[in-house]
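Listed below, chain by chain, are the residues.
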Amino acid sequence: AAGVIQSPRHLIKEKRETATLKCYPIPRHDTVYWYQQGPGQDPQFLISFYEKMQSDKGSIPDRFSAQQFSDYHSELNMSSLELGDSALYFCASSSTRGQGFGELFFGEGSRLTVL
Amino acid sequence: AQKITQTQPGMFVQEKEAVTLDCTYDTSDQSYGLFWYKQPSSGEMIFLIYQGSYDEQNATEGRYSLNFQKARKSANLVISASQLGDSAMYFCAMSAPLISNFGNEKLTFGTGTRLTIIP
């Protein structure tokens, strides 16, 4: 079965550079989430989209922006990168349809290292 | 606001023994979900088990079971007959409403428990 696809898996950037992470949710999933997990930390919710509209916003810095496109893939754009942005970034998707309990399916994560 | 507490930063367990990972939560919502995820050293988040707040029976999935005590607000994960491959970080999480109420609820995670299985 298709899973959540994230790219790139690894990314190395310099301070003050820009990075873009991509997420392709499971087909027919209507909700996408972005999480940031710093070293030794638990995942922190950044932002979510439902049917291409922003549905919630968490502790996402103003330097970050995200959107969901017509094909349901999502991109997280990070500008003016700081050392503290080094983290594992997860995308997850879920579906409000069907009889499930809204389980979040996570991608394998994109590991960003800022030097 | 929701809060998840995992008080065991690390645990060491002998192979084939059962292990209980503690999780307590705090919420003012009447309807919520509790999840456990496993994160191996490779980094991916693997869903293990789910318990709904209105489920009367404890959830079970293979070697995983969730000891749900609603009055105590606890949702401990029990792994029976532990295996070396169970060594990983384990996160307890709770569903939290989105601001917009559109879409499925986001998850709030605890700080995790690092489980190490000893041969």
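Let me begin by describing the structure that accompanies this report. (Residues numbered from 1 in each chain as written. Chains lettered and ligands numbered in written order. Predicted model: local features only at pLDDT ≥ 70, side-chain atom pairs only at ≥ 80, totals over all residues. Heavy atoms only, no water.)

As a further point, take the pattern of salt bridges. Opposite charge on two side chains lets them pair, provided their charged atoms get close. Residue and element names in this part refer to chain A. Under the defined criterion, the tally for this structure stands at seven salt bridges over all chains. In this structure, Glu108 and Arg9 form a salt bridge, with 2.7 Å as the shortest nitrogen-oxygen distance. Residue Glu108 is found in the loop between β10 (105-106) and β11 (110-114), and its partner Arg9 is found in the loop between β1 (5-7) and β2 (10-13); the two are separated by 99 residues along the sequence. Given a relative accessible area of 36%, Arg9 falls into the partly exposed group. Three or more residues joined by partner-sharing salt bridges are found here, namely Arg63, Glu82 and Asp85. (Salt bridge = Lys/Arg side-chain N within 4 Å of Asp/Glu carboxyl O. Helix = DSSP H or I, 4+ residues; strand = E, 2+ residues; numbered from the N terminus. Buried < 20%, exposed > 50% of the residue type's maximum accessible area, 1.4 Å probe, protein only.)

All right, on to the environment of B:Pro9 then. Residues and elements named next belong to chain B. As for its placement among the helices and strands, Pro9 is situated in the loop between β1 (3-5) and β2 (10-14). A sequence separation of 35 residues divides Pro9 from Glu44, and the C-alpha atoms of the two residues are 19 Å apart. Contacts of Pro9, omitting those with residues within four sequence positions, involve Gly112, Thr113 and Arg114. (Contact = heavy atoms within 4.5 Å.)

Before going further, it helps to examine unusual backbone geometry. All names here are of chain A. A cis geometry characterises the amide bond from Ser7 onward to Pro8, with omega recorded as -10°. Secondary-structure assignment places Pro8 in the loop between β1 and β2. The phi dihedral of Arg16 falls on the positive side, at around 75°, and the residue is not glycine. Here Arg16 is to be found in the loop between β2 and β3 (19-24).

Another point: the state of the cysteines. Residue and element names in this part refer to chain A. A complete count under the given rule lists two disulfides over all chains for this structure. Residue Cys23 pairs covalently with Cys91 via a disulfide, S to S 1.8 Å. Between Cys23 and Cys91 the sulfur-sulfur dihedral comes to about -60°; the bridge is accordingly left-handed. Here Cys23 is found in strand β3, whereas its partner Cys91 is found in strand β9 (residues 87-94), with 68 residues between them in sequence. Of the two residues, Cys23 and Cys91, both sit in the buried class. (Disulfide = S-S within 2.5 Å.)

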